[in-house]
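Letter by letter, the chains look like this.
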Amino acid sequence: MPVYSSGEATVPLLTLGRVHAGALTDEEGVERRVEVPASICSRHPRAFALVVEGGCMNRVIPEGSHVLVDPDREPQNGSIVVVETEGYQAVMRRWYRGSSTLMLTADSYEKHEDMVFGMDDGPVRVVGTVVWFQPSKEME
């Protein structure tokens, strides 16, 4: 739940803590709150923050950034999402849903393989859609 004060709000940095936009590894728990503009929080009341690790989304969101994730926002093709897959922990990628496949793609200066899921592949759970981010160099 956001906490408001003088045009700013804070949201929890969830136990999920870090989302990987790079090599897939276990999540790390973090316990604190992140400052977000109140105007953003008011439109996403159940949103939470995560810290980005890795470079798979670095053309859009630099490593170390805080991302605000809305668990209630349905992803659209091209949205940046945080998902959990059967074989991996949480990852952040661009979402592209076709009639029988889901493709999660990196948006990076480096080459990364797309993650493609068909009907027979394990479940992909949408954690939420990224609605805002703050680069780490602007957090100081």
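This text follows the structure it describes.
A. Spatial organisation of the environment of Ser108. With respect to the element layout, Ser108 can be found in the loop between strand 8 (102-105) and strand 9 (115-117). What makes Ser108 buried here is its relative accessible area of 12%. Taking the C-alpha atoms as reference points, Ser108 and Asn58, separated by 50 residues in sequence, lie 5.0 Å from one another. Those residues in contact with Ser108 that sit more than four places away from it in its chain are Gly55, Cys56, Met57, Asn58 and Arg59. In terms of polar contacts, Ser108 uses its side chain to reach the backbone carbonyl oxygen of Gly55, at 2.8 Å. One polar contact links Ser108 to Glu110, side chain to side chain, over a distance of 2.9 Å.

B. The arrangement of the pattern of salt bridges in detail. Overall, the coordinates contain four salt bridges when judged by the stated rule. Asp107 is paired through a salt bridge with Arg59; the nearest N and O atoms lie 2.8 Å apart. You can see Asp107 sitting in the loop between strand 8 and strand 9 and its partner Arg59 sitting in the loop between strand 4 (48-53) and strand 5 (66-70), a full 48 residues away along the chain. The class of Asp107 is buried, set by a relative accessible area of 8%. Asp107 is the salt-bridge partner of Arg94, the closest N and O atoms lying 2.9 Å from each other. In this pair, Arg94 is assigned in strand 7 (residues 90-97) and Asp107 in the loop between strand 8 and strand 9, connecting sequence segments 13 residues apart. Across the pair, exposure class does not vary: Arg94 and Asp107 are buried alike. Three or more residues joined by partner-sharing salt bridges are found here, namely Arg59, Arg94 and Asp107.

Calculation criteria
Counting restarts for each chain, with residues numbered from 1 along the sequence as it is written. Given that this is a predicted model, residues contribute local features only at a pLDDT of at least 70 and side-chain atom pairs are listed and counted only at 80 or more, while totals for whole chains, interfaces and linings are drawn from all residues. For the side-chain quantities, the full set of heavy atoms in the structure was used; hydrogens and water were omitted. Helical segments are the DSSP runs of H or I of at least four residues, strand segments are the runs of E of at least two, and each set is numbered from the N terminus. Burial here depends on accessible area, computed with a 1.4 Å probe over protein chains only, as a share of the maximum for the residue type. Under 20% is buried, over 50% is exposed, and the range in between is partly exposed. Residue contacts follow a heavy-atom distance rule, with two residues in contact if any of their heavy atoms lie within 4.5 Å. Any pair of nitrogen or oxygen atoms within 3.5 Å is treated as a polar contact; in protein, a donor-acceptor pairing is required on top of that, and neighbouring residues in sequence qualify only through side-chain atoms on both sides. We count a salt bridge whenever a side-chain nitrogen from Lys or Arg sits within 4 Å of a carboxyl oxygen from Asp or Glu.

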